[in-house]
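Geometric and topological summary
In case you want the letters, here they are:
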Amino acid sequence: MTDRAVVVVRAGALTTVQDLGRLGHAHLGVPRSGALDPAAARLVNRLVGNPEAAAVLETTVDGCALRPRCAVTVAVGGAPCPVRVDGRPAAWGRAVRVPAGSVLEVGAATHGLRAYVAFGGGVDVEPVLGSRSTDLLSGLGPAPLTGGTVLPLGPDAAARSAERGAADAPPWPGPPRELVLRVRLGPREDWFTAAALRTLTTRAYRVSPTGNRIGLRLDGPALERARHDEPASEGMVLGAVQVPPDGRPVVFLADHPTTGGYPVVGVVREADLGAAAQAVPGTPVRFVRVR
């Protein structure tokens with residue numbers, strides 16, 4: 001039994017291990033996966049002195065609680081949330097030294113949805129196809145965390161980063177009051193009427209509570225089809241806006257399938273997807289066409 005490990009005390013609604021994903025395997029039917037807010041994952045890794053691609057924990061809505069078996073440097077970022085060590089308030093967005101046996105409590109998000117927890121040395125679970133990420137769709141990577149799960153940690157090259165005065169995270173801009181998604185139309189925009197394309201880029205949608213790591217589901221006006229058959233299954237990319245039979249668009253996120261049989265009306269710029277991952281249900285959404 002290694003001392004360089006963390007024990008899950010409370011797993012929360014959904015806490016998973018994530019890094020920057022499994023790139024380059026779509027031709028094998030393997031999604032990218034990885035942190036839904038990669039900028040936040042990179043930042044907490046920098047705060048504890050890790051490489052940006054080190055594996056972190058991604059929590060959803062209500063955080064988690066963890067007990068390290070060894071003293072370890074920790075940083076919590078992403079969605080702002082209360083952080084406590086053995087019941088005492090600790091800093092969010094800054095490297096914190098947590099003693100062995102203490103309980104790190106990552107509380108419920110006060111804004112946004114997903115917080116990220118980095119440990120000095122990174123979460124050192126066994127990689128699958130070059131990544132430690134949990135993929136909810138394919139089942140690759142470690143299972144979502146449950147109480148009692150033990151997570152090994154890598155060697156902590158930055159064990160004294162907190163004592164050295166690691167920099168704070170920049171102020172979080174907060175979840176968007178309106179989520180603006182820049183979209184390039186295609187490849188199947190000709191499957192929709194001209195009125196539907198105007199609807200997509202002029203009408204307001206809202207984030208649905210039924211979304212997950214696979215896709216951001218939207219409530220709002222249906223997009224009218226010009227064709228009513230279905231295309232043959234074809235490749236899907238991150239940010240694809242797929243339109244199922246109910247006509248309401250779904251924006252594919254990190255755990256999206258690599259193929260699909262509903263038409264894709266457009267593709268959202270990857271730079272906008274981190275904000276989409278933090279948009280709470282009910283957030284207004286507006287698509288802006290780019291060329």
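Details of the structure are given in the entry above.
A short tour of the structure in this document, coming up. (Residues numbered from 1 in each chain as written. Predicted model: local features only at pLDDT ≥ 70, side-chain atom pairs only at ≥ 80, totals over all residues. Heavy atoms only, no water.)

1. Quick look at the pairing of strand β14 (residues 215–219)
- Alignment of strand β13 (residues 205–207) against β14, held across two bridges, turns out to be antiparallel. What sits directly across from V207, in β14, is L218.
- Relative to strand β17 (residues 250–252), β14 runs antiparallel, the two being bridged by three bridges. Directly across from R217, in β17, lies its bridge partner V250. (Pairing = 2+ DSSP bridges. Helix = DSSP H or I, 4+ residues; strand = E, 2+ residues; numbered from the N terminus.)

2. A look at the side chain of D156
- Relative to the helices and strands, D156 resides in the loop between β11 (150–152) and β12 (179–185).
- Look at D156 and you get buried, because its relative accessible area is 15%.
- Contacts of D156, omitting those with residues within four sequence positions, involve R4, V72, T73, R97, G120 and G121. (Buried < 20%, exposed > 50% of the residue type's maximum accessible area, 1.4 Å probe, protein only. Contact = heavy atoms within 4.5 Å.)

3. Considering the environment of A95
- Tracing the backbone shows A95 in the loop between β7 (88–90) and β8 (96–98).
- Distance from A95 to S233, taken between C-alpha atoms, is 46 Å for residues 138 residues apart in sequence.

4. Some thoughts on the environment of S233
- Along the chain, S233 turns up in the loop between β14 and β15 (234–235).
- Taking the C-alpha atoms as reference points, S233 and G215, 18 residues apart in sequence, are found 18 Å from one another.
- When residues no more than four places from it in sequence are discounted, the contact partners of S233 are T259, G260 and G261.

5. A few points about the sheet that holds strand β16 (residues 240–242)
- Strand order in this closed barrel of seven strands is β12-β19-β16-β17-β14-β13-β20, and the pairing throughout is mixed. Averaged over all pairs of adjacent strands, the angle between strand axes in this sheet comes to 40°, irrespective of strand direction.
- Running over the sheet, helix α2 (residues 194–202) touches β12, β13, β19 (264–268) and β20 (284–289) and is turned about 120° from β20. (Axes fitted to C-alpha atoms, helices over the stretch in contact; angles between N-to-C directions.)

6. Side note on α2
- Within α2, burial applies to A196, L197, T199 and L200. Burial along α2 is one-sided: seen end-on, the buried residues are contained in an arc of 155°. Residues of α2 that are exposed and angled more than 90 degrees away from the buried face: A194, R198 and T202.
- For α2, the secondary structure elements touched by its buried residues are β12, β13, β19 and β20. (Arc of directions from axis to C-beta.)

7. Points about the nonpolar core
- Counting 40 residues, the largest nonpolar core has V251 and F287 as its most contacted members.
- In this view, F287 contacts L181, V183, L200, T201, Y205, L218, V241, P249, V251 and V268; residues no more than four positions away in its chain are not counted.
- In terms of nonpolar packing, the next biggest core, distinct from the first, is built from 27 residues, C64, V117, F119 and L145 among them. (Core = buried A, V, L, I, M, F, W, Y, C linked by side-chain atoms within 4.5 Å.)

8. Describing the pattern of salt bridges
- Counted according to the given criterion, the structure contains 14 salt bridges.
- For D255, the salt bridge is made with R213, and the minimal N-O distance between the two is 3.0 Å. Residue D255 is located in the loop between β17 and β18 (259–260), and its partner R213 is located in the loop between β13 and β14; the two are separated by 42 residues in the primary sequence.
- A residue is classified by how much of its surface remains accessible, and R213, at 1% relative accessible area, is buried.
- Salt bridges sharing partners connect three or more residues here, namely R10, D62 and E105. (Salt bridge = Lys/Arg side-chain N within 4 Å of Asp/Glu carboxyl O.)

9. Digging into unusual backbone geometry
- That bond from G186 to P187 is cis: its omega, 10°, falls within 30 degrees of zero.
- Tracing the sequence through the fold places P187 in the loop between β12 and α2.

10. Looking at the sheet that holds strand β2 (residues 15–18)
- Strand order in the open sheet formed by five strands is β2-β3-β10-β5-β8, and the pairing between neighbours is antiparallel. Bordering the open sheet on either side are β2 and β8, each of which pairs with just one other strand. Between one strand axis and the next, the sheet turns through 30° on average, direction left out of account.
- Note: strand β5 (residues 72–78) against β8, three bridges, orientation antiparallel. Each residue of the ladder has a partner; that of V72, found in β8, is V98.

11. A few points about helix α1 (residues 38–47)
- For α1, every residue scored as buried is listed here: A40, A41, L43, V44, N45 and L47.
- For α1, the elements touching its buried residues are β3 (56–60), β5 and β10 (114–119).
- Directly after α1, the chain includes G49, whose backbone phi takes a positive value near 85°.

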